[in-house]
Structures are given as structure tokens and as C-alpha cells.
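Summary of the model geometry
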Amino acid sequence: MKTLKILQNHNKLYSETASDVFYPQQSGDFSMRLVFNGNESYNLGSRNLNVYPGSFLVVNEGTRYSRRIDSHLPANTFSLFFNKGFLQNFHQSLTHSDASLLDNPFISQEGDDPRFLETLYPLAGDLKFNLMHLKSHFDAGMDNEMLLNEYMHHSLLLYYKIYNREVIDKSNSLGFLNKQTKVEILKRLSVAKDYILSNFSDQITLEDLSRQACLSVNHLLRTFKQAFGCSPHQYLMRVRLMQAKFLLKNTDYPVNEIVDLIGFECSSSFIRLFKNTYQLTPRTFRNSEKGTLLN
Amino acid sequence: MHLKVKYTPVLVNRPEKVRDFLVDMLGFSFCQQTTLVDGQEGIIVGENDTAESCFLLLKGTEAQKTCPSPIIINTEDCLRDCHDLQNRGINIIKKPEYTDLGLTAEIADTDGNRYTLLEERIYSENL
């Protein structure tokens, strides 16, 4: 099932529930891509990215991509498309002074066409809350375009904050003097991070990551920790645990099946890690989330 | 001992105007006139007659009203409610703002009383 809403200012909202679809050769406005259930695969140039609940993908205007949903349970996706003028206007309002906006409110200037790092970003905090509201209004068939645009405006505002934290701050935390080097290293590290987020259920080796990111193993280990505050292995464990929490909370899959789905080789090591991290066993966590825990 | 907050006293210029604003504009459905032990008149306003906590609107003295606090009201969706209230002509004096507690905005009635809309958000849960 697909639902598309095109607003008068040409911003768009799109929701799809499907099990087996493939869309080759896509391109469009700047967009944010989310998955509420299941996962969706994107191919951007030579990169394959899987979007799972808990993260979202950003695609710049004009980028060519293909996308696929291939899941035994229907995946529920939601995308926000920002019209070029809306995005430019928003960007100007953040980057220009009030005086210059009053003098020149409608003319876009060179360099006002923002481009972002096309990577997987964490879907958490206020952005997650706002997008859940937006999705629920969209699903309920809301026609109030001003309010839908207000949500889209706030989504951009919060995305800029995430971008600053995930891209600007992280590139600044890299121990290189040259700004261009920092940016290039962060791009490569993002490829490694996206590879972990997209393939956490597989057995990922450091050599895989090093090849994906075009960085030597030692260089990758050193810079990954500078940017993300943990080693690639610790990051992988964190992603697996977060996915385990999602599956425990939102599905009835037995723990053994979840262990397989998130890429752990044995249940006991998963249960031990889960308990050490959250001070709860997976089963206790599931019961407490479903409100059946006594006391 | 297990104590709970039941009535939150709010000192206002004209309790009846605030009651009308809370009932007519913000949708509170329960209100009741009451007299306190010292004979002071007050108005109880709440979500319904079994609400866990209600406002107790009291007429404040001039000294008490010099720096009135905003009345804090919980909302499920701050952006939606601000939008609705604005469309009904209510002045949004502080646009929606992200805080550690959640999303807040501030509105005012024609008497100058301030109301903070608070959409509480728990940020520790990521999924």
C-alpha cells in the first residue's frame, strides 16, 4: 500500500507498506527516509545501505539511487521530500542575518543550495518524537497543510542539529590539522559506520570495514575511536543490542530467533552482554516493556 | 506516607476569566466554585471530576500578582495544539522550544495570564 501527499509548496510525504518491491533509477528532492518496521535497502552509487528502525537515511536532491524492500513481513516506510525552494529558504533563514533577509527575502544566493553527507543518522530524541506525530497525522489523513509544513520545518531544524553533532562535531574531533583531511576521513568513517548499521546481522571483520572505508585497519581503528568514541567492534555490539531491544519490544520472536537475526553466534554470550549492559535479562526487558512485570 | 499533589493554587487577577479560558479555549471540562477555610473563594478546574490533580484559581493580592508564574499544562502534541490555538486567535508568546523536559510553548489569555504547554518527552528510550 502506498500513500503520497503532495503539498501546495511541493513538499511531499510518502508512506509505503510492502514485502517485495524494487524501484530502480530514482531521483528527486532532498529527502529523509525512515523505516518503522522491517528494513529497506538503498543503492547509492557503489554503496548499499539498509535502513532499519532507529536510524534514517538522508538523500540529497538529484542523487540517483535504487531502493528495494525484500522482507517476509511487510516493511513500513515513511519519507519526507523537501522542495528545493523550501530547503533553500530554511537554510537561508539559519545562515543569514535578519537584516539581509529583510533586504533580500526571495533571492537565493550562490552557496545556498545545501548538500549533506548521505549517511545513516540516528533517529532519536526530538526528531523521533516529531516524526512519530507527523506519521500518525499523515496516516490519519490530515489535510492541514500548514501544520504538516510546520512539522517538516521542525524536522529540518532538528536534522540540522543532528548534522552538527554527527558530522561537524565529529569531524572536529579528528586529530588532523587540515580541514579537508578531517572531512575526507569522516566521509570514509561514515561509510564504515553505515556498513555496520546495514550489515549488523552478518559476521563483519575489520578487514571488511577497512576495505569499505578505503582506510588501513590501523588508521580505521584509530580514527573511528576519535570520531565515534568507541571501537568498530563496540559500535557493532551497540547496534546489535539496540536492534535486539527493538525486536524484544515490538515483536514476539523468541529470544533464540532474535539472537540469529542480530548476528550473534550463541544465545549465552548475547544474554550475558545484554544483562551487563542494561542490568536486565532480555526476557525481563521484554516483560517490563509489555507491562507484565510484577512489582 | 504516600502523598500526592491534588490542587495547584494559581493566583490570578480575575479567576472567572482564567476559568473561561481554560474551559472554552483549552478544553478543560470540570470546574467548581469552592470556599477555603479562611473564607476565600476559589475555582477548581480540571480535566474531569476524577482528575488526579486540578488547578485551584485564587484571586491574588497586588503584591502576590507582581510576578505571576505560568500555569503548566500537559499536551500530547505541542506543535498541533499551538497551531490549533493560534488559529483560534490565541497569542503564542513563546514559540515551541525544545527543552530537557520536552517541547514547550507559552500562550497568554487576554488578562495577561501565561500558560506553558508542555509535551513531556522521555529521551532515554531510543527505540
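Residues numbered from 1 in each chain as written. Chains lettered and ligands numbered in written order. Predicted model: local features only at pLDDT ≥ 70, side-chain atom pairs only at ≥ 80, totals over all residues. Heavy atoms only, no water.

**With respect to the pattern of salt bridges**
Residues and elements named next belong to chain A. Summed over all chains, the structure comprises 17 salt bridges over all chains. Here E289 makes a salt bridge to K249, at a shortest N to O gap of 3.9 Å. With a gap of 40 residues between them, E289 in helix α11 (residues 282-289) and K249 in helix α8 (residues 232-250) connect regions that are remote in the sequence. Owing to a relative accessible area of 31%, E289 belongs among the partly exposed residues under this scheme. Its relative accessible area of 27% is what places K249 among the partly exposed residues. One salt-bridge network, held together by shared partners, links E16, E40 and R67. (Salt bridge = Lys/Arg side-chain N within 4 Å of Asp/Glu carboxyl O. Helix = DSSP H or I, 4+ residues; strand = E, 2+ residues; numbered from the N terminus. Buried < 20%, exposed > 50% of the residue type's maximum accessible area, 1.4 Å probe, protein only.)

**What about helix α10 (residues 267-278) of chain A?**
The first and last C-alpha atoms of α10(A) sit 16 Å apart over twelve residues, in line with the 16 Å expected at 1.5 Å per residue. Positioned one or two residues after α10(A), A:Q279 has a phi angle of 60°, which is positive. (Expected span 1.5 Å × (residues − 1).)

**Description of the nonpolar core**
Of all hydrophobic cores here, the largest spans 111 residues; its most connected members are A:F56 and A:Y159. Here this core takes eleven residues from helix α4 (residues 145-172) of chain A, the largest share from any one element. Contact partners of A:F56, with chain neighbours within four places excluded, come to A:M32, A:R33, A:L34, A:V51, A:T119, A:L120, A:Y121, A:P122, A:L123, A:L127, A:Y159 and A:I162. Counting six residues, the second-largest nonpolar core is a separate cluster that includes B:F30, B:I44, B:A51 and B:L58. (Core = buried A, V, L, I, M, F, W, Y, C linked by side-chain atoms within 4.5 Å. Contact = heavy atoms within 4.5 Å.)

**A few points about the domain arrangement of chain A**
All names here are of chain A. One can read the domain layout of chain A as domain 1 (2-170) and domain 2 (176-295). If you average the C-alpha positions of domain 1 and of domain 2, the two centres end up 24 Å apart. Opposite the 16 residues of domain 1 that make contact, domain 2 presents 15 residues. Here domain 1 meets domain 2 over a buried area of about 1300 Å², counting both sides, of which 57% is carbon and sulfur. Its largest share of buried area at the contact with domain 2, domain 1 owes to Y52, L120 and K170, together 37% of the area lost on that side. If you look at where domain 1 meets domain 2, you find one salt bridge. D194 is the salt-bridge partner of R47, the closest N and O atoms lying 2.6 Å from each other. On the surface where domain 1 and domain 2 come into contact, there are seven residue pairs in polar contact (both at pLDDT 80 or more). Elements with a minimum of two residues in the side of domain 1 that touches domain 2: β5 (47-51), β7 (65-82) and α4. Sorting elements by how many residues they give to the side of domain 1 that touches domain 2 places β5 first, with four residues. (Domains from an automatic or database assignment. Buried area = accessible area lost by both parts, 1.4 Å probe. Polar contact = N/O pair within 3.5 Å; in protein donor to acceptor, adjacent residues only side chain to side chain.)

**Brief notes about the environment of B:E97**
Residue and element names in this part refer to chain B. As for its position among the elements, E97 is in strand β6 (residues 91-98). Taking relative accessible area as the criterion, E97 reaches 44% and is therefore assigned partly exposed. For the pair formed by E97 and M1, sequence separation is 96 residues and the distance between their alpha carbons is 37 Å. Contact partners of E97, with chain neighbours within four places excluded, come to G102, L103 and T104.

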